[in-house]
Amino acid sequence: MASLRLQGLTKRFGDVVAVHELTLEVPSGELVALLGPSGCGKTTTLRMVAGFDVPTRGRIVLGDRDITADPPERRDCGMVFQHYALFPHLTVEQNVAFGLEMRGLRRPDVERRVGEILERVGLGGLGRRYPRQLSGGQQQRTALARALVISPRVLLLDEPLANLDAKLREEMRFYIRSLQREFHITTLYVTHDQAEALVLADRVAVLMNGRLQQVGAPEEIYHRPRTPAVAAFIGLTNLLPGRVTGRSGERLVLETPAGTVRAAGAPDLREGMEAMLSVRPEHIELDRPGEPASRDGVNRLRGVVQERTFLGSLIDFRVDVGGGVLLRVQGRGGAPQRVGEQVSVSFDTTAAWALPRREG
Ligand SMILES: Nc1ncnc2c1ncn2[C@@H]1O[C@H](COP(=O)(O)OP(=O)(O)OP(=O)(O)O)[C@@H](O)[C@H]1O
Ligand SMILES: [Mg+2]
């Protein structure tokens, strides 16, 4: 296996800078998720790696070889496109065989490898069908088989689960993950779905407006986002403006419109700086006012329940904590609080994360 390195990769389409100075490494055998909203440059990045778009600037290095100028067929990339792009007039077998025939393999070898990979992705017996005779999940696995059958050095996946319904998408996440681990294949996985990125990736690279915002392990991206834009994009969070007024041991002290809050903070935050506080809804607890004794390491605010929504396993609350701040809180199914009720709102000082306030 080989590592994939993108160095200062830039792509302009006329005035549009689709990708700006992207530097990113996918270590050998790892899965890196390239995550970002629609139009942020994900597909453009993959197309440059696969050789379908020529970078305006920058280099692409696979293993120890610079492939920036190589034609697609010499790059050893297996790609699954955003919309599968199976050939409609070819059967499953013929679709999967295509890349091997292009490479001039002999007929018996093609048949053997196609048979093996179709078994492996659970499509044994469906080889004679046409794409229109397959379910979405089967089409998706055909596209995966077609990418894997050439034994690529790197696998490029562009929103491979986007066309599937929610339940199948969840199953396929785990399936792709185990396939990727088994083949131990260097993978760049594009998605706009943060849950998918967190589940699948060894590391997540967050891209916005063509610029890389942050690269890190899923936990790090989720709990320690580096910008308010990343915090807001990855999962649900409450963002409160605040100003750093001091320190209390390990924690920063912030004045917010809802009161004083202690929080963990990004290392570059200093006293006097404007900050943004991120608190995840699942880290906040609601109690009767004044009931539990105040504890060290816990922030406590007073609030009034404004809304309560049943979400199945969770109850979603909007709680007015004063100063014009509505906090989103998600509690377990049994949460008894009612609309209009006064509550005590608490969250650990470690669960509050302060970030420098800059325009994302
Ligand atoms: N051939 C092109 N000509 C001009 N602009 C383009 C071209 N291809 C892409 N763009 C622009 O480049 C930007 C990035 O597009 P890209 O397809 O890479 O986004 P994406 O992150 O894959 O989005 P999505 O999640 O919707 O698939 C967009 O603003 C898009 O309009
Ligand atoms: Mg795209």
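Remember, it's a predicted structure, so these values are computed and weren't measured experimentally.

Procedures and definitions
Residues numbered from 1 in each chain as written. Chains lettered and ligands numbered in written order. Predicted model: local features only at pLDDT ≥ 70, side-chain atom pairs only at ≥ 80, totals over all residues. Heavy atoms only, no water. Axes fitted to C-alpha atoms, helices over the stretch in contact; angles between N-to-C directions. Helix = DSSP H or I, 4+ residues; strand = E, 2+ residues; numbered from the N terminus. Parallel < 35°, antiparallel > 145°, perpendicular 65-115°, else oblique. Left-handed = near helix turned anticlockwise from the far one by under 90°. Contact = heavy atoms within 4.5 Å. Nonpolar A, V, L, I, M, F, W, Y, C, P; charged D, E, K, R; others polar. Buried < 20%, exposed > 50% of the residue type's maximum accessible area, 1.4 Å probe, protein only. Pairing = 2+ DSSP bridges. Domains from an automatic or database assignment. Buried area = accessible area lost by both parts, 1.4 Å probe. Salt bridge = Lys/Arg side-chain N within 4 Å of Asp/Glu carboxyl O.

Below, the discussion takes up the packing of helix H2 (residues 92-102) against helix H3 (residues 107-120). Put simply, H2 and H3 touch, their axes get as near as 9 Å, and they point 125° apart. Taken together, the axes of H2 and H3 lie oblique to each other. Of the two elements, H2 crosses H3, and the hand of that crossing is right-handed. Every residue of H3 that contacts H2 at Val92, Glu93, Val96, Ala97, Leu100 and Glu101 is listed here: Arg107, Val110, Arg113, Val114, Ile117 and Leu118. For the contact of H2 with H3, the class distribution of residues is 8 nonpolar, no polar and 4 charged.

Among the 5 residues that make up strand S3 (residues 31-35), 5 are buried, leaving the element largely enclosed by the rest of the structure. Judged by which residues are buried, S3 turns out to be covered on both faces: Leu31, Ala33 and Leu35 on one side and Val32 and Leu34 on the other are all buried. Sheet topology note: the S3/strand S8 (residues 186-191) ladder contains 5 bridges and is parallel. What sits directly across from leucine 34, in S8, is valine 190. Two elements, S3 and strand S9 (residues 203-208), share 4 bridges in a ladder whose sense is parallel. Within the sheet, the bridge partner assigned to leucine 35 lies in S9 and is valine 206.

What follows covers the domain arrangement of the protein. You can read the domains of the protein as domain 1 (4-228) and domain 2 (236-356). Using C-alpha coordinates to define each centre, domain 1 is positioned 39 Å away from domain 2. With 7 residues of domain 1 at the contact, the number on the domain 2 side is 10 residues. With both sides pooled, the region where domain 1 packs onto domain 2 buries about 760 Å², and carbon together with sulfur makes up 55% of that total.

All right, on to the pattern of salt bridges then. All told, the structure shown has 19 salt bridges when counted by the stated rule. Residue arginine 47 pairs with aspartate 53 through a salt bridge whose shortest N-O separation is 3.1 Å. Exposure remark for arginine 47: the relative accessible area of 29% places this residue in the partly exposed category. Salt-bridge contacts for arginine 112 lead to glutamate 116; the nearest nitrogen and oxygen are separated by 3.5 Å. One end of the pair, arginine 112, and the other, glutamate 116, are both in helix H3, 4 residues apart, so they sit about a helical turn from each other. Relative accessible area serves as the criterion here: at 44%, arginine 112 is assigned to the partly exposed category. Exposure remark for glutamate 116: the relative accessible area of 45% places this residue in the partly exposed category.

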